[in-house]
Amino acid sequence: QVQLVESGGGLVQAGGSLRLSCAASGRTFSSYAMGWFRQAPGKERERVADITWRGMPTYYADSVKGRFTISRDNAKNTTYLQMNSLKPEDTAVYYCAARPASRYVYDVWGQGTQVTVSS
């Protein structure tokens, strides 16, 4: 089992940057692939990025390609989402989630952290 806690959200001006962190606890963090998702008010949840247990990104949403970078530090049990060139449409609650390495089913989720991008 693993538990996830996001942090690093906040208010930022358009064009600015934020780095989100997802701290994992439990015995098996390194065996999980990780993803970042977001959900804006009135919109469906969107998968933002995914990374393997070895730290290789496997997915970026078209809306964030070239601006966001997912990474992880297994020694610190932490997954990151570096967000650059932020736009107002990036405003959402951001969640991290864990999945087994061999299947794309995210079965452990954090509580979310709010990101607000002002014009």
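Right above here is the structure, for reference.
Now for a description of the structure that goes with this document. (Residues numbered from 1 in each chain as written. Predicted model: local features only at pLDDT ≥ 70, side-chain atom pairs only at ≥ 80, totals over all residues. Heavy atoms only, no water.)

Things to note about the overall build of the protein chain
Then step 1. Looking only at helices and strands, the protein chain features 0 helices and 11 strands.
Then step 2. Scanning the protein chain from its N terminus toward the C terminus, one meets helices and strands in the order β-β-β-β-β-β-β-β-β-β-β.
Then step 3. Taken over C-alpha atoms, the radius of gyration comes to 13 Å for the protein chain, in line with the 14 Å a tight globule of 119 residues would show.
Then step 4. Projecting the C-alpha coordinates of the protein chain onto the three principal axes gives extents of approximately 40 × 25 × 25 Å.
Then step 5. Sequence-distant contacts, at least 24 apart, represent 54% of the contacts inside the protein chain between residues at least 6 apart.
Then step 6. Approximately 6200 Å² of the protein chain is accessible, and the part contributed by carbon and sulfur atoms is 48%.
Then step 7. Distance between charge centroids for the protein chain: 6 Å, based on 14 positive and 9 negative side chains. (Helix = DSSP H or I, 4+ residues; strand = E, 2+ residues; numbered from the N terminus. Rg over C-alpha atoms; globule rule 2.2 N^0.38 Å. Contact = heavy atoms within 4.5 Å. Areas by Shrake-Rupley, 256 points an atom, 1.4 Å probe, with all protein chains shown as cover. Lys, Arg positive; Asp, Glu negative; His and termini not counted. Charge placed at Lys NZ, Arg CZ, Asp CG, Glu CD.)

Side note on the pairing of strand 4 (residues 32-39)
Then step 1. The element strand 4 is extensively covered by neighbouring structure, given that 7 of its 8 residues are classed as buried.
Then step 2. Relative to strand 9 (residues 92-100), strand 4 is paired through 8 bridges, and the arrangement is antiparallel. Paired with glycine 35 across the bridge in strand 9 is alanine 97.
Then step 3. Relative to strand 5 (residues 46-51), strand 4 runs antiparallel, the two sharing 5 bridges. Looking at the pairing, glycine 35 lines up with aspartate 50 of strand 5.
Then step 4. With antiparallel pairing between neighbouring strands as the criterion, strand 4 and strand 5 make up a hairpin whose turn holds 6 residues, including glycine 42 at a positive phi of roughly 75 degrees. (Buried < 20%, exposed > 50% of the residue type's maximum accessible area, 1.4 Å probe, protein only. Pairing = 2+ DSSP bridges.)

Quick word on the side chain of serine 21
Then step 1. Mapped onto the elements of the fold, serine 21 is located in strand 3 (residues 18-26).
Then step 2. Using a relative accessible area of 16% as the deciding quantity, one classes serine 21 as buried.
Then step 3. Excluding residues within four positions of it along the chain, serine 21 makes contact with Val5, Glu6, Ser7, Trp36, Thr78, Thr79 and Tyr80.

Here we look at the pattern of salt bridges
Then step 1. As enumerated under the stated definition, the model contains 7 salt bridges in all.
Then step 2. The shortest N-O distance in the salt bridge between arginine 99 and aspartate 50 comes to 2.7 Å. Separated by 49 residues along the polypeptide, arginine 99 in strand 9 and aspartate 50 in strand 5 bring together distant segments of the chain. This pair shows no difference in class: arginine 99 is buried, exactly as aspartate 50 is.
Then step 3. A cluster of three or more residues bridged by salt bridges with shared partners is formed by Arg38, Glu46, Arg67 and Asp90. (Salt bridge = Lys/Arg side-chain N within 4 Å of Asp/Glu carboxyl O.)

Describing the sheet that holds strand 3
Then step 1. Spatially, 4 strands are ordered 1-3-8-7 in an open sheet, and the strand pairing comes out antiparallel. Strands at the two margins of the open sheet, each flanked by one partner only, are strand 1 (2-7) and strand 7 (68-73). Neighbour-to-neighbour, the strand axes of this sheet turn through a mean angle of 15 degrees, independent of strand direction.
Then step 2. As paired elements, strand 7 and strand 8 (residues 78-83) share 6 bridges and run antiparallel to each other. Bridge assignment links serine 71 to a residue of strand 8, and that residue is tyrosine 80. (Axes fitted to C-alpha atoms, helices over the stretch in contact; angles between N-to-C directions.)

Shape is all these values report; function is a separate question.
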